[in-house]
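Examination of the molecular architecture
Spelled out, the chains give:
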Amino acid sequence: MSSEQLSLFEESNSDQKELIPTDSKIPIPSGTYGNMVELAQHCNQCHRCELGNTRTHAVVGRGNLEAQIMVIGEAPGQNEDETGLPFVGRAGQLLEKILASVKLDTEKDVYICNINKCRPPNNRVPTNEEMEACKPYLLEQIRLVAPKIILLTGATAVKGLLGDKRGITKIRGTWMEWEGHLCMPIFHPSYLLRNPSREVNSPKWLMWQDIQAVRAKYDEICHNS
């Protein structure tokens, strides 16, 4: 590893900041990025893991950069890889409907991103190494947006941010505090697509309970602020 890369980000030199540490063990310190544009530029040049070799676009995020609610998914799929935007396929369309059901607008009230910014081959689950390589970018996104509420869609998102390995069915709908943020694990919309029943205690019914709780907490935060 070159001395230039080992000293990366230690100084404010703009030439150094153009470099990206290819070794995922080299951290990206908090405060590295002044805005999401800088972060997105680095994500699209990043090769901290092998996923950078097969991506079409890095998928950084969409929505309001000052949103009180952040939604974090797992990783991009094919539609996301092609467009560079998260949650734009069938799962994304369902997410929009879920949020709209409690009058939350993804352009105004929500910022959406993923644990990993690059699509894993064949949409497989990201490995622990891939998640760790990408996590510094996610932490910077959380710092820049500074949401009060973080919704973690699916077990991979929960594990990637919180390190909690419990199954999503055991922890969904539960408020957890992390680094000053209120986090709630919820079902991933793709899981709901595979389980379309709306009967009592079905995944869709449980999601309706969860998203109403999110709306109530959001209203409480807005009222208190």
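Let me begin by describing the structure that accompanies this report.

Quick notes on the rules
Residues numbered from 1 in each chain as written. Predicted model: local features only at pLDDT ≥ 70, side-chain atom pairs only at ≥ 80, totals over all residues. Heavy atoms only, no water. Salt bridge = Lys/Arg side-chain N within 4 Å of Asp/Glu carboxyl O. Helix = DSSP H or I, 4+ residues; strand = E, 2+ residues; numbered from the N terminus. Buried < 20%, exposed > 50% of the residue type's maximum accessible area, 1.4 Å probe, protein only. Lys, Arg positive; Asp, Glu negative; His and termini not counted. Polar contact = N/O pair within 3.5 Å; in protein donor to acceptor, adjacent residues only side chain to side chain. Core = buried A, V, L, I, M, F, W, Y, C linked by side-chain atoms within 4.5 Å. Contact = heavy atoms within 4.5 Å. Arc of directions from axis to C-beta. Pairing = 2+ DSSP bridges. Phe/Tyr/Trp six-rings, centres within 6.5 Å; stacked < 30°, edge-to-face > 60°. Axes fitted to C-alpha atoms, helices over the stretch in contact; angles between N-to-C directions.

**Things to note about the pattern of salt bridges**
Evaluated as defined, the whole model comprises seven salt bridges. The residue Asp219 makes a salt bridge to Arg215 at a minimum N-O spacing of 2.8 Å. Here Asp219 pairs with Arg215, and both are found in helix α10 (residues 203–224), just four residues apart, close to one helical turn. Assessed through its relative accessible area of 21%, Arg215 is described here as partly exposed.

**A word on the side chain of Lys135**
By the secondary structure assignment, Lys135 is in helix α6 (residues 128–145). Lacking a salt bridge, the buried Lys135 has Glu132 as its closest oppositely charged neighbour, with an N-O distance of 4.6 Å. A polar contact is formed between the side chain of Lys135 and the backbone oxygen of Leu161, at a distance of 3.4 Å.

**Details of the nonpolar core**
With 54 residues, the main nonpolar core has Ile72, Tyr137, Ile150, Leu151 and Leu161 as its most contacted residues. Apart from residues lying up to four places away in sequence, Leu151 is in contact with Ile69, Met70, Val71, Ile72, Met184, Ile186, Ile211 and Val214.

**Concerning helix α5 (residues 90–100)**
Within the sequence span of α5, burial applies to Ala91, Gly92, Leu94, Leu95, Ile98 and Leu99. Summarising the axial view, the buried residues of α5 lie within an arc of 160°, below the 170-degree limit, and thus occupy one face. In α5, the exposed positions that point more than 90 degrees away from the buried face belong to Arg90 and Lys97.

**With respect to the pairing of strand β6 (residues 181–186)**
Of all six residues that make up β6, five are buried, and the element is covered over most of its length. Sheet analysis places strand β4 (residues 149–153) next to β6, joined by five bridges and oriented parallel. Within β6, the residue paired with Leu151 across the bridge is Met184. Judged from the three bridges that link them, strand β5 (residues 176–178) and β6 form a sheet pairing that is antiparallel. The partner of Glu177 across the bridge, within β6, is Leu182. Connecting β5 to the antiparallel partner β6 that follows it, the hairpin turn spans two residues, and Glu179 within it adopts a positive phi of roughly 50°.

**What to know about the packing of aromatic side chains**
On inspection of all chains with the given rule, the structure shows two aromatic pairs. Considering the side-chain rings of Tyr33 and Tyr137, the 6.4 Å spacing of their centres and the 35° angle between planes classify their relative orientation as tilted. Remark: Tyr137 occurs in helix α6 and Tyr33 occurs in the loop between α2 (14–17) and α3 (36–43); sequence separation between them is 104 residues. The same class applies to Tyr33 and to Tyr137, which are both buried.

**A short note on the pairing of β4**
Counting buried residues in β4 gives five out of five residues, a clear majority hidden from the surface. Burial of β4 is two-sided: the residues Ile149, Leu151 and Thr153 facing one way and the residues Ile150 and Leu152 facing the other way are all buried. As paired elements, strand β2 (residues 69–73) and β4 share four bridges and run parallel to each other. Each residue of the ladder has a partner; that of Met70, found in β4, is Ile150.

**Quick look at the sheet that holds β2**
Taken in spatial order, the six strands line up as β1-β3-β2-β4-β6-β5 in an open sheet, and their pairing is mixed. In this open sheet, the two strands that pair with only one neighbour each are β1 (62–63) and β5. Together, β2, β4, β5 and β6 form the strand contacts of helix α7 (residues 155–162), whose direction differs from that of β4 by roughly 130°.

**Focus: unusual backbone geometry**
One non-glycine residue with positive phi stands out, namely Asn123, at about 60°. With respect to the element layout, Asn123 can be found in the loop between β3 (110–114) and α6. Its identity as a non-glycine residue notwithstanding, Asn201 has a phi of 75°, on the positive side. Locating Asn201 in the fold gives a position in the loop between α9 (189–194) and α10. The exposure class of Asn201 is exposed, given its relative accessible area of 55%.

Worth remembering: the numbers are spatial, not functional.
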